[in-house]
Amino acid sequence: MTKAMDFDVLIIGAGPGGYHAAIRAAQLGLKVACVEKEYLGGVCLNVGCIPTKALLHAGDELAASKHAAEFGLTFSDTRLDIGKLNKWKDGIVTKLTGGVGGLFKANKVTHLIGEAVFVDAQSIKVGDKTYTASNFIVATGSEPAKLPGLDVDQQSIVDSTGALVIPDPVPARMLCVGGGVIGFEFAHIYNNMGSQVKIIEFLPNVIPGADAGAVAAFRKAMEKQGIEVQTQTKANKAEKQPDGTLKVELEDVKTGEKRTETYDRVLVAVGRRPRSAGLNLEGLGIVTERGFITVNSRMQTNVAHIYAIGDVAGNPMLAHKAMKEGLVAAEVIAGEPAEMDPVAIPGVVYTSPELAWVGLTEEEAKAKGYKIKTGQFPFAASGRAMTLQSTDGFVKMVTEEGTDLVLGVHIVGPHASDMLGEASLGLEMAATAGDIALTIHAHPTLGESVLEAAEAVHKQAIHIVNR
Ligand SMILES: Cc1cc2nc3c(=O)[nH]c(=O)nc-3n(C[C@H](O)[C@H](O)[C@H](O)COP(=O)(O)OP(=O)(O)OC[C@H]3O[C@@H](n4cnc5c(N)ncnc54)[C@H](O)[C@@H]3O)c2cc1C
C-alpha cells in the first residue's frame, strides 16, 4: 500500500494567488496547507496594492482640502503628520493580513511558516521538516527588478517597498525611474505630499499596454498637477553626495546626450521579476521561460500535479489575475471543470484621475484586423463629475463595426476603477454597445458616462455634440 500523503494540496506562498487557492481548495473538501516565509497576504496586502492605495487616498484628501477653497471651504491649518500617516497605513495592512490568518483558521487551512523547497515531485522541505502532498501549487510571486548603477538602500534609493515609508520631511526632489503603473502611483503620492516629482521612462510612451488616446489624456492630467514626465530617457547611475543628496546621470536614449541632475530620493520602478529560483524546479524538470513557470489554461505545469499561479506564472502581474488563477487551480485539483479563460483582465492606475481599462485598445483591435467604431464621452460633460470637482478625462469605448460588440473600454477619470466592473462584465457576457446604451444607469452618476460613450458609438450621445 502506498503511504498516505500529509496533504491533498500544498501551496507555496500566501499572496492573493496562494490564499485564494488555499481557501477554495478547503471549501471543496480538500486537506490543505499553505507555506509562507514572510507574511500572510503576500506583496499585495503587505507592500503592494493595499498600502499604496492607502497613501494615494491620503494624498488625494490633502489635495482635495486645497481644492475645496473653490466652493468656499478653507482650512486655516492643513498639516500632514507623516508618522501618523505611516501608522494608519500599517494598521490597515495588519488588519487585512490578520484577516487572512483568521480565514485560514476558519477554513482549516494549515499555515506552515518557513521557506519551502521541493525535495522531489511529492514532497517539500520547510526548515528541517518534510511534508508530502498529492498536489502542489507554486504561488511564490515576484520581486522588484534591479537596475545596475542604482543600488537600492531603501533610504535615498528605494524600490516600491522602501517608497511606502514616507520620510519626514518629504523629499524636496524625487525621481521615479520607470513610467509604469507603480512609477505613476508613487509619483502621484509624493507630488500630492509636496515633493517636486519627475518620471523618466526608457520607452517612447508611458503605461505600456494601455490605449494610446487614454494614456495621452492621463499623462496630460498628471503633468497639469505638476509631475514632469520625460520619455526615451534612462538613468545610468546615482551617486550619494556628502550632503545626502543624489547626483543622477540621465541619458537621452535617442541622442545619447548625458546630463546630471540632483535629487533627494530616487525610486526604481522598472518592473518585477518572477520568484522561481531556489525552489528546485530544475530538479523536477519543470519548464520555465525567463523565470516564469510555464502553465496550461488549467494552471498545470508540465508536471501535471504541480500547478503555478499568479505573478510567478506570467503577465500581467496583477492581484486579481493571481486570485482567479488560484481559484482555477484549486477547482481543477478538486475535479471541477475549471479553466483560466478570461475575455479580458482589467488594469488600473489608482491616481486621480484614475486610468482604467479592460479589453482591446484601439491599436490592438486594429492590429487584430477588426473594423472598429469608437465612442467617447468626456467627464467635462458629466454633471456628477462637476459636483465632484473632477472633470478631467473621458470614457472611450471600442466596438466592432457591424456586430456592435464591445471590444474594449478605456477610462481616464474619477473612480474609473469602480466603473470598470460594468465594462468587464459586458465583455465577459459579449455585450454590444446597444446593450449598455439600453441599460438604465442612475442619474447623476459617473457610470452614466459609460452609457453615453456607448451612445456616442452610434452618434447618439445626448450631452455632447456627436461628430
Ligand atoms: C507597489 C505595488 C503596488 C501594486 N498595486 C497593485 C494593485 O493596485 N492592483 C493589483 O492588481 N496588483 C497590484 N500589484 C501587484 C500585486 O501585488 C501582485 O500581482 C500580487 O501580489 C501577486 O500575487 P501572488 O500571489 O502571485 O504573489 P505575491 O503577492 O508576491 O505573494 C507570494 C508570496 O510567496 C511567498 N514565498 C515566496 N517564495 C516562497 C518560498 N519558497 N516558501 C514560502 N513562501 C514563499 C512570499 O513571501 C510572498 O508572500 C502591486 C504591486 C506592487 C509592488
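Residues numbered from 1 in each chain as written. Predicted model: local features only at pLDDT ≥ 70, side-chain atom pairs only at ≥ 80, totals over all residues. Heavy atoms only, no water.

Describing the site of the ligand
Part 1 of the argument: Of all residues adjacent to the ligand, which total 40 residues, the nearest are Glu36, Val43, Lys53, Asp311 and Ala319.
Part 2 of the argument: Glu36 is positioned with one of its side-chain polar atoms (N or O) 2.6 Å from an oxygen atom of the ligand.
Part 3 of the argument: The backbone of Cys49 places a nitrogen or oxygen atom 3.5 Å from a nitrogen atom of the ligand.
Part 4 of the argument: In isolation the ligand has 1000 Å² of accessible area, and contact with the protein removes 96% of it.
Part 5 of the argument: Listed by contribution, the elements that provide at least two residues to the shell around the ligand are α1 (16-27), β2 (32-36), α2 (42-47), α3 (49-67) and α8 (319-333).
Part 6 of the argument: By residue number, the principal contributor to the shell around the ligand is α2, which donates 4 residues.
Part 7 of the argument: When grouped by side-chain class, the residues that make up the shell around the ligand number 18 nonpolar, 14 polar and 8 charged. (Near = heavy atom within 4 Å. Polar contact = N/O pair within 3.5 Å; in protein donor to acceptor, adjacent residues only side chain to side chain. Areas by Shrake-Rupley, 256 points an atom, 1.4 Å probe, with all protein chains shown as cover. Helix = DSSP H or I, 4+ residues; strand = E, 2+ residues; numbered from the N terminus. Nonpolar A, V, L, I, M, F, W, Y, C, P; charged D, E, K, R; others polar.)

Focus on the sheet that holds strand β12 (residues 233-240)
Part 1 of the argument: One open sheet holds the 3 strands; their spatial order is β12-β13-β14, and the pairing between them is antiparallel. Every interior strand has two partners, whereas the edge strands, β12 and β14 (258-263), have only one. With direction set aside, neighbouring strand axes in the sheet form an average angle of 25 degrees.
Part 2 of the argument: Bridging between β12 and strand β13 (residues 246-252) involves 7 bridges; their strand directions are antiparallel. For Thr233, the partnering residue across the bridge sits in β13 and is Asp252. (Pairing = 2+ DSSP bridges. Axes fitted to C-alpha atoms, helices over the stretch in contact; angles between N-to-C directions.)

Regarding the sheet that holds strand β15 (residues 265-268)
In a beta sheet, neighbouring strands are held together by backbone hydrogen bonds and run either parallel or antiparallel to one another.
Part 1 of the argument: Overall, parallel pairing links the 5 strands, which are arranged β8-β15-β9-β10-β11 in an open sheet. Both outer strands of the open sheet, β8 (157-158) and β11 (228-230), are each paired with one neighbouring strand and no more.
Part 2 of the argument: Here strand β9 (residues 173-177) runs beside strand β10 (residues 196-200); their pairing, made up of 5 bridges, is parallel. Note on β10: the bridge partner recorded for Met174 is Val197.
Part 3 of the argument: Together, β9, β10, β11 and β15 form the strand contacts of helix α6 (residues 181-192), whose direction differs from that of β10 by roughly 170 degrees. (Contact = heavy atoms within 4.5 Å.)

Section: the side chain of Thr432
Part 1 of the argument: Structurally, Thr432 is set in the loop between α11 (416-428) and α12 (433-438).
Part 2 of the argument: When residues no more than four places from it in sequence are discounted, the contact partners of Thr432 are Thr403, Asp404, Leu405 and Val406.

Details of the state of the cysteines
Part 1 of the argument: For the structure shown, the criterion picks out 1 disulfide.
Part 2 of the argument: The disulfide partner of Cys44 is Cys49, and the gap between their sulfur atoms is 2.3 Å. Since a negative S-S torsion denotes a left-handed disulfide, the Cys44-Cys49 link at about -125 degrees is left-handed.
Part 3 of the argument: Accessibility expressed as a relative area gives 9% for Cys44, which makes it buried.
Part 4 of the argument: Considering cysteine sulfurs only, Cys44 is the nearest to Cys34, which forms no disulfide, with 15 Å between them. (Disulfide = S-S within 2.5 Å. Buried < 20%, exposed > 50% of the residue type's maximum accessible area, 1.4 Å probe, protein only.)

Side note on α1
Part 1 of the argument: Helix length check: α1, at 12 residues, gives a terminal C-alpha distance of 16 Å against a target of 16 Å (1.5 Å per residue), a fit within 8%.
Part 2 of the argument: Most of α1 sits inside the fold, with 10 of its 12 residues counted as buried.
Part 3 of the argument: Regarding α1, the residues found buried are Pro16, Gly17, Gly18, Tyr19, His20, Ala21, Ala22, Ile23, Ala25 and Ala26.
Part 4 of the argument: Considering only its buried residues, α1 is in contact with β1 (7-12), β2, α2, α4 (82-106), β6 (129-138) and α8.
Part 5 of the argument: Of the residues one or two after α1, Gly29 is the one with positive phi, at around 90 degrees. (Expected span 1.5 Å × (residues − 1).)

What to know about the environment of Thr132
Part 1 of the argument: Mapped onto the fold, Thr132 is located in strand β6.
Part 2 of the argument: For Thr132, a relative accessible area of 15% corresponds to the buried category.
Part 3 of the argument: Between the C-alpha atoms of Thr132 and Phe118, which are 14 residues apart in sequence, the distance is 10.0 Å.
Part 4 of the argument: In contact with Thr132, other than residues within four places in its own chain, are Ala4, Met5, Asp6, Phe7, Leu10, Gln122 and Ser123.

What to know about the pairing of β2
Part 1 of the argument: For β2, a buried count of 5 out of 5 residues is recorded, marking the element as mostly surrounded by other parts of the structure.
Part 2 of the argument: Here β2 shows no split at all, with Val32, Cys34 and Glu36 on one side and Ala33 and Val35 on the other all buried.
Part 3 of the argument: Both β1 and β2 contribute to a ladder of 4 bridges, which runs parallel. Directly across from Leu10, in β2, lies its bridge partner Ala33.
Part 4 of the argument: Crossover β1 to β2 through α1 is right-handed.
Part 5 of the argument: Pairing between β2 and strand β3 (residues 110-113): 4 bridges, direction parallel. Within β3, the position partnered with Val35 by the bridge is Leu112. (Right-handed = clockwise from strand over helix to strand, strands pointing away.)

Examining the pairing of strand β23 (residues 394-400)
Part 1 of the argument: Across the 7 residues of β23, 6 count as buried, placing the element largely inside the fold.
Part 2 of the argument: Examined bridge by bridge, strand β22 (residues 372-378) and β23 share 7 bridges and lie antiparallel to one another. Directly across from Gln376, in β23, lies its bridge partner Lys396.
Part 3 of the argument: Two strands pair when backbone bridges link them, and β23 and strand β24 (residues 406-413) are joined in this way by 6 bridges, in the antiparallel orientation. Bridging across to β24, Phe394 finds its partner in Val412.
Part 4 of the argument: Taking the residues that link successive antiparallel strands as the turn, the β23-β24 hairpin has 5 residues, and the phi of Gly402 there is positive, at about 95 degrees.

Notes on the environment of Leu388
Part 1 of the argument: Mapped onto the secondary structure, Leu388 falls in the loop between α10 (383-387) and β23.
Part 2 of the argument: The exposure class assigned to Leu388 is partly exposed, which follows from its relative accessible area of 33%.
Part 3 of the argument: Distance from Leu388 to Phe136, taken between C-alpha atoms, is 48 Å for residues 252 residues apart in sequence.

Regarding the side chain of Ser195
Part 1 of the argument: You can see Ser195 is positioned in the loop between α6 and β10.
Part 2 of the argument: Under the relative-accessibility criterion, Ser195 is labelled buried at 4%.
Part 3 of the argument: Separated by 2.6 Å, the side chain of Ser195 and the backbone oxygen of Pro171 make a polar contact.
Part 4 of the argument: If sequence neighbours within four positions are ignored, Ser195 has contacts with Val170, Pro171, Ala172, Met174 and Tyr190.

Geometric values such as these leave the question of function open.
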